[in-house]
Amino acid sequence: MNRAFNATRGEKTFDVINIIIMLLLLSVTLYPFLNVLAISLNDSSDTVRGGIQIWPRQFSLQNYKVIMNYSGLVQGLKVSALRTVVGTLLGLISASMLAFTLSRPDFQARRFVSVFLALTMYFSGGLIPVYILMRDLHMIGTFYVYVLPGMVGAFNVFVIRSFIDGLPYALQESAKLDGANDFTIYWKVILPLCKPALATIALFLAVGQWNSWFDTYLYNGSTQWTTLQYELMKVLQSTQQGGSSMRGGTNDMADLMNQVSPESIKMAITMVVTVPILVVYPFLQRYFVGGMTLGAVKS
Amino acid sequence: METLSEKQGSLKLGAEKRAARGGFTRFLKVMKSQRYLYFMSIPFVIWVFVFSYLPLWGWTMAFQDFKPGKSFGEQKWVGFKHFHELFTDERFYLVMRNTLAMSIMGLVAGFIVPIVFAVLLNDLKGKFFKRTVQTVSYLPHFVSWVVVAGIISKMLSTDGGAINNLLVWLHIIHEPIQFMAKGNLFWGIVTGSDLWKEMGWNAIIYLAAITGIDPELYEASRVDGANRFKQMWHITLPGIRTTISVLLIMSIGHLIGIGFEKQFLLGNNLVKDYSEVLDLYALNYGLGMARFSFGTAIGIFNSVVSILLLFIANGTLKRVTKESIM
């Protein structure tokens, strides 16, 4: 604000300490990522000597070449990409449509739908009843189990709704006078104006889809629908102390680890899983900061 | 805000009109004119019913000896047998201890640190530096727990892990510590990892609330001779009190529903007695051993305690701070 205003010695010391704290935080957050990146890009036999910090000592892309020959990983990459795209699109459509109808003050089922949806934020059936339901619906072992159950998210609906509430209602009325029906208003008038809110929700949905592994573990562990996160989890768990035979370490992977060191494999796969998100999120930052705040105030 | 209250006003007016004219035919007429709105919401309502409400029906399993493959009518009802079994199982109390310990540690750390971080970050002078710190602080939130667990075990490993290297280099320890194999360190590791992952993200809301504080308050306090600490204590913190209490209530409500991702991914057989939490217990005993009814009973216990805690927290805070979320 006003730097020159009585900048006493105590205040200056405070500033310096504050900056040091922040620099420490920066390095604690960034170092692990840079370390993983450096190891993944370093020659594996050289890595064994240790001492790699944030810069590769002997640069090599060999680790990445090796993991890309592992069929499970390539398959997982495809499934993860597919579920991210499909899941995000389905989630956006459902959330924006519901949000639009809930923002209409004249909609007579509004209160019912709103309460029906809001209640889901406070309870859940729990692990086993949900599992039994999925089994009864014959969704286990299919791709649908990734995108259908979580398609309608109450939180997302309410974030978009409060955004639509901020738009002038006169827009809808004038569109109506021009003969547009409610669906046309949603599609042609509301959706284009909602881009910031949609971008926020799209990021949340996409990150959620990309990052989830537990549904794969629970429903699809031994099918062709395993995801990238799940493959990474298998690799990480397979060499941890006391966990070698615990959760199905595959022979395929063991072969791979013999070609280059397990550590290099782990770090390279970690980077493949992490990089897509690191590329996207800074660009969407200004949207999600707004979206988070909005959601927090409303819910 | 204005548009919202206007709409609410018109909504009330519409409802009164409807009540005045009354009648089912009137309702159907409106329904017909709003058919697009119905088409756009009813499918999703059915969706929510199937995937969120139907599983609640599964709670009946806890009171049966549920056998998959039999129809609902053929199941044998056993009353509270599974709950009785649960409360007499020694493992349950161990699991409960772990759940409570990790949630309380997570609650205290995960609640205080983001507030301190937000206040300090807000006080930073350089705009570019401030933005950089903020952007970087979100980063771990966006990677999965699988990745975080991998990173944490790498950092804590005895074989060239950064933490061990640092501690040895500083002569705090002589031999690298096997962090991941020591049960008594597990709770701390989980709490620390969670803090590392979510601190920046959780600070967003506080930062937004701080932005809403009137700058004139700071000017005035400065004229009165308040230093920075006093400003933080007397202006910033009271200014975000509402946000703090609402978030505190919500996190208390989720106290024992802490999930199991971290415990599942960071844990191993060596630390099992410290890492198993309620949800993992339900997973291992309920699904793993196909004891569906027993697992469901654990889930119900979890939900009931969570809701009770939410009410208690809400009631207490209502009395203390006049804030409430319900």
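Bear in mind the structure is a predicted one, so any value in this text is a computation, not a measurement. (Residues numbered from 1 in each chain as written. Chains lettered and ligands numbered in written order. Predicted model: local features only at pLDDT ≥ 70, side-chain atom pairs only at ≥ 80, totals over all residues. Heavy atoms only, no water.)

Observations regarding the confidence of the model for chain B
Low pLDDT marks regions whose predicted coordinates should not be analysed in detail.
Residue and element names in this part refer to chain B.
Next, step 1: Taken as a whole, chain B shows an average pLDDT of 84; of its residues, 91% reach a score of 70 or greater.
Next, step 2: In this model, residues 1-5 is a region of pLDDT below 50 whose contacts with residues beyond four sequence positions or in other chains number 4 contacts.
Next, step 3: Both scores are available for the predicted complex, with the pTM at 0.85 and the ipTM at 0.87. (pLDDT = per-residue confidence, 0-100. Contact = heavy atoms within 4.5 Å.)

Overview of the packing of aromatic side chains
Next, step 1: Using the criterion set out here, one finds 36 aromatic pairs over all chains in the structure.
Next, step 2: Arranged with centres 6.3 Å apart and planes meeting at 10 degrees, the rings of Phe183(A) and Trp187(A) form a pair that is stacked. Here Trp187(A) and Phe183(A) lie together in helix H10 (residues 182-193), a separation of 4 residues that amounts to about one turn.
Next, step 3: For Phe183(A), a relative accessible area of 31% corresponds to the partly exposed category.
Next, step 4: Taken together, the ring pairs in this structure connect Phe204(A), Tyr281(A), Tyr138(B), Phe142(B) and Trp201(B) into an aromatic cluster.
Next, step 5: Here the basic side chain of Arg291(B) rests over the ring of Phe294(B), its NZ or CZ set 4.2 Å away from the ring centre. (Phe/Tyr/Trp six-rings, centres within 6.5 Å; stacked < 30°, edge-to-face > 60°. Helix = DSSP H or I, 4+ residues; strand = E, 2+ residues; numbered from the N terminus. Buried < 20%, exposed > 50% of the residue type's maximum accessible area, 1.4 Å probe, protein only. Lys NZ or Arg CZ within 6 Å of the ring centre and 35° of its normal.)

So, the UniProt feature "transmembrane region" (unreviewed entry) in chain A
Next, step 1: Under the present numbering, the feature "transmembrane region" (unreviewed entry) in UniProt falls on residues 12-34, 81-100, 112-132, 144-164, 185-207 and 265-284 of chain A.
Next, step 2: Taken end to end, residues 144-164 of chain A is 71% helix and 0% strand, and its two terminal C-alpha atoms sit 30 Å from one another. (UniProt positions renumbered as here; feature names shortened; annotations may be inferred.)

Some thoughts on the confidence of the model for chain A
Next, step 1: Per-residue pLDDT for chain A has a mean of 84; in total, 88% of the residues score no lower than 70.
Next, step 2: Below a pLDDT of 50 lies the segment residues 295-299 of chain A, which in the model reaches 6 contacts outside its immediate sequence neighbourhood of four places, other chains included.

Considerations on the interface of chain B and chain A
Next, step 1: In this complex, chain B contributes 90 residues to the contact, which on the side of chain A involves 100 residues.
Next, step 2: Regarding the contact of chain B and chain A, the summed buried area is about 9,000 Å², with carbon and sulfur atoms giving 73% of it.
Next, step 3: Counting the contacts that link chain B with chain A gives 3 salt bridges.
Next, step 4: A salt bridge links Lys154(B) to Glu263(A); the nearest nitrogen and oxygen atoms lie 3.2 Å apart.
Next, step 5: Inspection of the chain B/chain A interface yields 19 residue pairs in polar contact (both at pLDDT 80 or more).
Next, step 6: Ranked by residues supplied to the side of chain B that touches chain A, first place goes to helix H3 (residues 35-57) of chain B with 17 residues.
Next, step 7: Its residues assigned to classes, the side of chain B that touches chain A shows 59 nonpolar, 21 polar and 10 charged. (Buried area = accessible area lost by both parts, 1.4 Å probe. Salt bridge = Lys/Arg side-chain N within 4 Å of Asp/Glu carboxyl O. Polar contact = N/O pair within 3.5 Å; in protein donor to acceptor, adjacent residues only side chain to side chain. Nonpolar A, V, L, I, M, F, W, Y, C, P; charged D, E, K, R; others polar.)

Looking at the environment of Ser293(B)
All names here are of chain B.
Next, step 1: Relative to the elements of secondary structure, Ser293 occurs in helix H16 (residues 292-321).
Next, step 2: Ser293 sits 18 residues away from Ser275 along the chain, and the two C-alpha atoms are 23 Å apart.
Next, step 3: If we ignore the near neighbours within four places in the chain, the residues touching Ser293 are Met61, Ala62, Gln64, Asp65, Phe66 and His82.

Regarding the UniProt feature "transmembrane region" (unreviewed entry) in chain B
Residues and elements named next belong to chain B.
Next, step 1: Within this numbering scheme, the UniProt entry marks residues 36-56, 100-121, 238-260 and 292-313 as carrying the feature "transmembrane region" (unreviewed entry).
Next, step 2: The straight-line gap between the two end C-alpha atoms of residues 36-56 is 30 Å; of that span, 100% is helix and 0% is strand.
Next, step 3: Taken end to end, residues 100-121 is 100% helix and 0% strand, and its first and last C-alpha atoms sit 31 Å apart.

A closer look at the nonpolar core
Next, step 1: Formed by 86 residues in total, the largest nonpolar core has its most connected members in Ile67(A), Ile269(A), Phe288(A), Phe142(B), Phe264(B), Leu265(B) and Leu266(B).
Next, step 2: Ranked by the residues each element gives to this core, the list is headed by helix H15 (residues 262-298) of chain A, at 11 residues.
Next, step 3: In this view, Phe288(A) contacts Thr200(A), Leu203(A), Phe204(A), Tyr281(A), Tyr138(B), Phe142(B), Trp201(B) and Ile204(B); residues no more than four positions away in its chain are not counted.
Next, step 4: In terms of nonpolar packing, the next biggest core, distinct from the first, is built from 39 residues, Val113(A), Ile164(A), Ile190(A) and Val48(B) among them. (Core = buried A, V, L, I, M, F, W, Y, C linked by side-chain atoms within 4.5 Å.)

What to know about the packing of H10(A) against H3(B)
Next, step 1: In the contact formed by H10(A) and H3(B), the axes pass within 7 Å of each other and the chain directions differ by 65 degrees. Touching Asp182(A), Phe183(A) and Tyr186(A) of H10(A) are Tyr36(B), Leu37(B) and Met40(B), all from H3(B).
Next, step 2: A per-class count over the contact of H10(A) with H3(B) returns 5 nonpolar, no polar and 1 charged. (Axes fitted to C-alpha atoms, helices over the stretch in contact; angles between N-to-C directions.)

With respect to helix H11 (residues 228-239) of chain B
Next, step 1: Three or more residues of H11(B) are buried, namely Arg228(B), Gln231(B), Met232(B), Ile235(B) and Thr236(B). Axial view of H11(B): buried residues confined to an arc of 125 degrees, hence all on one face. Residues of H11(B) that are exposed and point more than 90 degrees away from the buried face comprise Phe229(B), Trp233(B) and His234(B).
Next, step 2: Summarising the contacts, the buried residues of H11(B) are in contact with helix H1 (9-40) of chain A together with helix H5 (90-122), helix H9 (183-211) and helix H10 (215-223) of chain B.
Next, step 3: Regarding H11(B), its N-cap is Asn227(B), as a side-chain oxygen of that residue lies 3.2 Å from the backbone nitrogen of Phe229(B) further along. (Arc of directions from axis to C-beta.)

Let's talk about the domain arrangement of chain A
Residues and elements named next belong to chain A.
Next, step 1: Domain parsing of chain A yields domain 1 (1-59) and domain 2 (62-298).
Next, step 2: Taken together, the 11 residues of domain 1 in the interface contact 12 residues of domain 2.
Next, step 3: Both faces combined, the contact of domain 1 with domain 2 buries some 850 Å², and carbon together with sulfur accounts for 67% of it.
Next, step 4: The three residues of domain 1 that bury the most area against domain 2 are Val36, Ser40 and Ser44, which together make up 52% of that side's buried surface.
Next, step 5: Seen at the junction of domain 1 and domain 2, the total is 0 salt bridges.
Next, step 6: Elements with a contribution of two residues or more to the side of domain 1 that touches domain 2: H1 and helix H2 (44-47).
Next, step 7: Per-element tally for the side of domain 1 that touches domain 2: the top contributor is H1, with 5 residues. (Domains from an automatic or database assignment.)

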